[in-house]
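# Topology and contacts: notes
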Amino acid sequence: MYRGDMIVESKIFRLVILGAFWTSIVIALLIIFMIINFIFKFTFLDYRFDDGKLHPPIETLNKQ
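Residues numbered from 1 in each chain as written. Predicted model: local features only at pLDDT ≥ 70, side-chain atom pairs only at ≥ 80, totals over all residues. Heavy atoms only, no water.

## A word on the packing of aromatic side chains
- Overall, the coordinates contain 1 aromatic pair when judged by the stated rule.
- Their ring planes at 70° and their centres at 5.2 Å tell us that Phe 21 and Trp 22 sit as a pair that is edge-to-face.
- The partly exposed category is assigned to Phe 21, whose relative accessible area is 43%. (Phe/Tyr/Trp six-rings, centres within 6.5 Å; stacked < 30°, edge-to-face > 60°. Buried < 20%, exposed > 50% of the residue type's maximum accessible area, 1.4 Å probe, protein only.)

See the structure below:
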């Protein structure tokens, strides 16, 4: 039996691959959540960009 086959068939190798798979799914879900949160702030909460900073609607009303 070849050494490469022993590594690929080992339980530790499967756990590493499975851990990397689930970690990538969690990171992708977090990125999607951040994008949805960003879109939600602009569409429903009426956040504004002023001088390159993100200001909530209450602060923009006070400046006017």
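## Some points on the environment of Phe 42
- Relative to the helices and strands, Phe 42 is located in helix 2 (residues 11-43).
- With 12 residues separating them in the primary sequence, Phe 42 and Leu 54 have C-alpha atoms 10.0 Å apart. (Helix = DSSP H or I, 4+ residues; strand = E, 2+ residues; numbered from the N terminus.)

## Observations concerning a nonpolar patch on the surface
- On the surface, Ile 27, Ile 31, Phe 33, Met 34, Ile 35, Phe 38, Ile 39 and Leu 54 cluster together into a nonpolar patch covering about 780 Å² of accessible area.
- Considering every element that reaches the nonpolar patch, the biggest residue donor is helix 2, with 7 residues.
- Within the secondary structure, Ile 31 sits in helix 2.
- A relative accessible area of 40% places Ile 31 in the partly exposed class. (Patch = residues over 30% accessible without salt bridge, like charges linked within 9 Å, V, L, I, M, F, W, Y side chains within 5 Å. Areas by Shrake-Rupley, 256 points an atom, 1.4 Å probe, with all protein chains shown as cover. Salt bridge = Lys/Arg side-chain N within 4 Å of Asp/Glu carboxyl O.)

As far as function goes, none of this settles anything; it's purely spatial.
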